[in-house]
Amino acid sequence: MAAKKKQDLGDYAETFEKVDPARQIVAKKYIGELLFMEAQLAALKADIEKNGPVDNFKQGRQSMLRESPAMKSYCTLVQRYGDLQKKLADLLPEKKDTQKAQAGEKLAAFVAKGKG
C-alpha cells in the first residue's frame, strides 16, 4: 500500500507524509494537480522547442508575428504551478513548530525515564 501511495504521489510522497493528517486530503489534491501541470508543462515545452516561441499568424490578407499559443499557455501555467507549489508548502508544519514538537517529545521521554 505504501508503494502505491508513493507511486501516486511521485516526487511529492515525502512532502505528503510531513503534512498534518487533517490536511492531507487537500495536500493530495494539490499534488494531483501539480503532477498534471508538470505533464502539461513538459508537452508545452516540447512544442515550444520544436516550433519556437513565436508563430506567424494569418487572418485573411493580414499576417503578423505573435507569441505562440503554446508559449502563452506555458507562461501562464508556470505561474499557476509556482502558486500551487507555495500553497502545498504552506500546508507543511513550520520549522519552529516541528522543533517545539521534537523538544516536547524529548522532554516527555526524559521525564518518563525518571519515573521508571
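For the structure, see preceding data.
Everything quoted here is computed from the prediction, not taken from an experiment.

**Q** Would you explain the overall build of the protein in this entry?
**A** Tallying secondary structure elements over the protein gives five helices and two strands in all. When the helices and strands of the protein are placed in sequence order, the string is α-α-α-β-β-α-α. The buried share of the protein, reckoned over its 116 residues, is 19%. When contacts within the protein are restricted to residue pairs at least 6 apart in sequence, those whose partners lie at least 24 apart make up 53%. Accessible surface, the protein: about 9,200 Å² in total, of which carbon and sulfur atoms supply 56%.

**Q** Looking at this structure, how should I read the pattern of salt bridges?
**A** Within this structure, the stated rule accounts for three salt bridges. A salt bridge links E14 to K18; the nearest nitrogen and oxygen atoms lie 3.8 Å apart. Linking E14 with K18, this pair stays in helix α2 (residues 13–18), spanning four residues, or about one helical turn. Looking at E14, the relative accessible area reads 56%, which means it is exposed. Close ionic contact of D55 with R66 constitutes a salt bridge, the shortest N to O distance being 3.1 Å. Here D55 is found in strand β1 (residues 54–59), whereas its partner R66 is found in strand β2 (residues 62–67), with eleven residues between them in sequence.

**Q** How should helix α3 (residues 24–51) be read in this particular structure?
**A** Because the α-helix completes a turn every 3.6 residues, residues three or four places apart line up on one side. Counted at 1.5 Å a residue, the expected span for α3 with its 28 residues is 40 Å, and the 40 Å between its end C-alpha atoms agrees. Phi turns positive one or two residues past the end of α3, at G52, with a value near 90°.

**Q** Explanation requested: the nonpolar core in the structure shown.
**A** Buried together is how nonpolar side chains tend to be arranged in soluble globular proteins. By size, the foremost hydrophobic cluster in this structure holds 19 residues, and its most contacted members are Y12, A27, I31, L34, Y81, L88 and L91. Broken down by element, the residue count for this core peaks at eight residues, all from α3. For A27, the contacting residues outside a window of four places in its chain are F16, V19, L88 and L91.

Reading guide: rules and limits
Residues numbered from 1 in each chain as written. Predicted model: local features only at pLDDT ≥ 70, side-chain atom pairs only at ≥ 80, totals over all residues. Heavy atoms only, no water. Helix = DSSP H or I, 4+ residues; strand = E, 2+ residues; numbered from the N terminus. Buried < 20%, exposed > 50% of the residue type's maximum accessible area, 1.4 Å probe, protein only. Contact = heavy atoms within 4.5 Å. Areas by Shrake-Rupley, 256 points an atom, 1.4 Å probe, with all protein chains shown as cover. Salt bridge = Lys/Arg side-chain N within 4 Å of Asp/Glu carboxyl O. Expected span 1.5 Å × (residues − 1). Core = buried A, V, L, I, M, F, W, Y, C linked by side-chain atoms within 4.5 Å.

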